[in-house]
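# Structural description and commentary
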Amino acid sequence: MRIVSGIQPTSQLHIGNYLGAIKQWIPLQEKNECVFFVADLHALTIPYDPEKLQQAIKETVIAYIAAGLDPEKSIIFVQSQVKEHAELGWLLNTICPIGELQRMTQYKDKSKKFKENINAGLLDYPVLQAADVLLYKGEAVPVGKDQEQHVELIRSLAKKFNQKFASPASSLGGGGGITFKEPASLILKEGGKIMSLTDPKKKMSKSDDPKSCIFLFDSPEDITKKIMSAETDSGKEVRYNITKKPGISNLLTIYSLLTGKTTQQIEKEFTGKGYGEFKKSLAEVTVQYLEPFRRKQKELATREVYLQEILRKGAGRALTIAQETMKEVKQKMGLS
Ligand code: TYM
């Protein structure tokens, strides 16, 4: 299968990005053709500092590799280095009903959050995301739950394109038949939506207060501090109950995903012990889990040439596939 996914270099990556997306990517590399990129063009749709963008891109690539992506197995590159993303994005714009974009939850949320900067890119964001996946004829998109609606739109645009431009009577040289497969979203039942540490009713988000997120490269002290002060619920019992105990349930989910134990096993382990003891143990588990990530990050931060080489090769491999798709798309659309 061809797998495609990406992350915006809008801040450091947090444990929600890892547990919802990257953790799925690692085993997928073994038996699939995987395309993982840094979505820098998407990151331009919210306020950002151009002087810091290159560093943020580099840190995202480092996070990918430190978390276990293997550049020998996966195609890793920066989105803006393969111009076909923007080109296909434009072409798909011409078949995307504007109403579909206006009803996107993320567009509505972000236009509330960034009232001063509701740019056309923010609305058009999911079309570029469709181009990211369809350019490689992606069949599955491993993401967190917040991206489900965007992947639905990708499927709908793939279908529309196929219907509109692949009629059996096609005399365009590209032949009839189906251009794009409709990609499935791969969303984990556990981990697909990790909640904020300071407000467990909201998802953990890069653009919120740093105290609400555990970043992948946080120091052991910061991890411990954040977990110990995470918002918990009234009562003392460590029990999974998403409606009555959203705070503890979120911490239990993280504990479970990092240790491989079920929430029931963890509840049993902490029977008769309070929230404090549970949080202390979660802090230790998290610090230990992320320790190799921090080590790898330090090592990679000094290997500029190696990173550049990974991105150069990745962009080259991506371009080969992208150009082939664009040739077919342009023929079908009457552009060549
Ligand atoms: P982004 O950069 O917001 O997030 C990256 C990935 O992390 C997931 N995620 C979470 N998962 C669980 N719990 C959370 N609290 C949490 N927060 C974020 C996201 O679902 C995502 O998988 N539009 C995308 C980037 C993108 C993309 C693509 C993804 C651009 N083109 C093509 C897939 C395919 C985004 O904003 O992700």
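Not measured: the values here are computed from a predicted model.

### A few points about the overall build of the chain
Per the secondary structure count, the chain includes 13 helices and 5 strands. Computed over the C-alpha atoms, the radius of gyration of the chain is 21 Å, within 12% of the 20 Å expected from 2.2 N^0.38 for a compact globule of 336 residues. In terms of its C-alpha atoms, the chain occupies a principal-axis envelope of roughly 75 × 45 × 40 Å. Scored against the burial criterion, the 336 residues of the chain give a buried share of 52%. Counting only contacts in the chain whose residues sit at least 6 apart along the sequence, the fraction spanning at least 24 positions is 77%. Just so you have it, the chain exposes about 16,000 Å², and 53% of that area is on carbon and sulfur atoms. Positive and negative side-chain charges of the chain, numbering 49 and 40 respectively, have mean locations separated by a distance of 3 Å.

### Quick word on the site of the ligand
Taken together, 27 residues sit near the ligand, with Y125, D132, D146, I194 and K206 positioned nearest. Contacts to the ligand include Y125, whose side-chain N or O atom sits 2.6 Å from an oxygen atom. Here an oxygen atom of the ligand sits 2.4 Å away from a polar atom, N or O, in the side chain of D146. Look at the ligand: alone it shows 710 Å² of surface, and the protein chains cover 97% of it. Mapped by element, the contributors of at least two residues to the shell around the ligand are strand 1 (2-7), helix 1 (15-31) and helix 7 (120-134).

### Some thoughts on the packing of aromatic side chains
Tallied over the entire structure, the rule returns 12 aromatic pairs. Where W25 meets F36, the ring centres are 4.3 Å apart and the plane angle is 5°; that geometry is what we call stacked. Residue W25 is located in helix 1, and its partner F36 is located in strand 2 (residues 33-38); the two are separated by 11 residues in the primary sequence. For F36, a relative accessible area of 0% corresponds to the buried category. For the ring pair W25 and Y64, a centre distance of 5.2 Å and an interplane angle of 80° mean the geometry is edge-to-face. Placement of W25 in helix 1 and of Y64 in helix 3 (residues 50-66) is noted, with a sequence separation of 39 residues between them. For W25, a relative accessible area of 0% translates into the label buried.

### Some points on the confidence of the model for the chain
A low pLDDT means the predicted coordinates there should not be read in detail. Counting all residues, the mean pLDDT for the chain is 95, and 97% of those residues have values of 70 or more. Every residue in residues 169-174 is under pLDDT 50, and counting partners more than four places away or in other chains gives 7 contacts.

### As for the side chain of T45
When you line up the elements, T45 lands in the loop between helix 2 (40-43) and helix 3. You can call T45 buried: its relative accessible area is 8%. Once residues within four sequence positions are removed from consideration, T45 is found in contact with N117, N119, G121, L122 and Y125.

### Details of the pattern of salt bridges
With the rule as written, the count across this model stands at 23 salt bridges. Linking E30 and K73 is a salt bridge whose minimum nitrogen-to-oxygen distance equals 3.3 Å. Pair noted here: E30 is in helix 1 and K73 is in the loop between helix 3 and strand 3 (75-78), with a separation of 43 residues, a long-range link. Residue E30 is classed as partly exposed on the basis of its relative accessible area of 49%. With its nearest N and O atoms 3.9 Å apart, the salt bridge here joins E100 to R103. Judged by its relative accessible area of 43%, R103 falls in the partly exposed class. Here the residues in one salt-bridge network are E30, D70 and K73, joined through shared partners.

What counts, and where the lines are drawn
Residues numbered from 1 in each chain as written. Predicted model: local features only at pLDDT ≥ 70, side-chain atom pairs only at ≥ 80, totals over all residues. Heavy atoms only, no water. Helix = DSSP H or I, 4+ residues; strand = E, 2+ residues; numbered from the N terminus. Rg over C-alpha atoms; globule rule 2.2 N^0.38 Å. Buried < 20%, exposed > 50% of the residue type's maximum accessible area, 1.4 Å probe, protein only. Contact = heavy atoms within 4.5 Å. Areas by Shrake-Rupley, 256 points an atom, 1.4 Å probe, with all protein chains shown as cover. Lys, Arg positive; Asp, Glu negative; His and termini not counted. Charge placed at Lys NZ, Arg CZ, Asp CG, Glu CD. Near = heavy atom within 4 Å. Polar contact = N/O pair within 3.5 Å; in protein donor to acceptor, adjacent residues only side chain to side chain. Phe/Tyr/Trp six-rings, centres within 6.5 Å; stacked < 30°, edge-to-face > 60°. pLDDT = per-residue confidence, 0-100. Salt bridge = Lys/Arg side-chain N within 4 Å of Asp/Glu carboxyl O.

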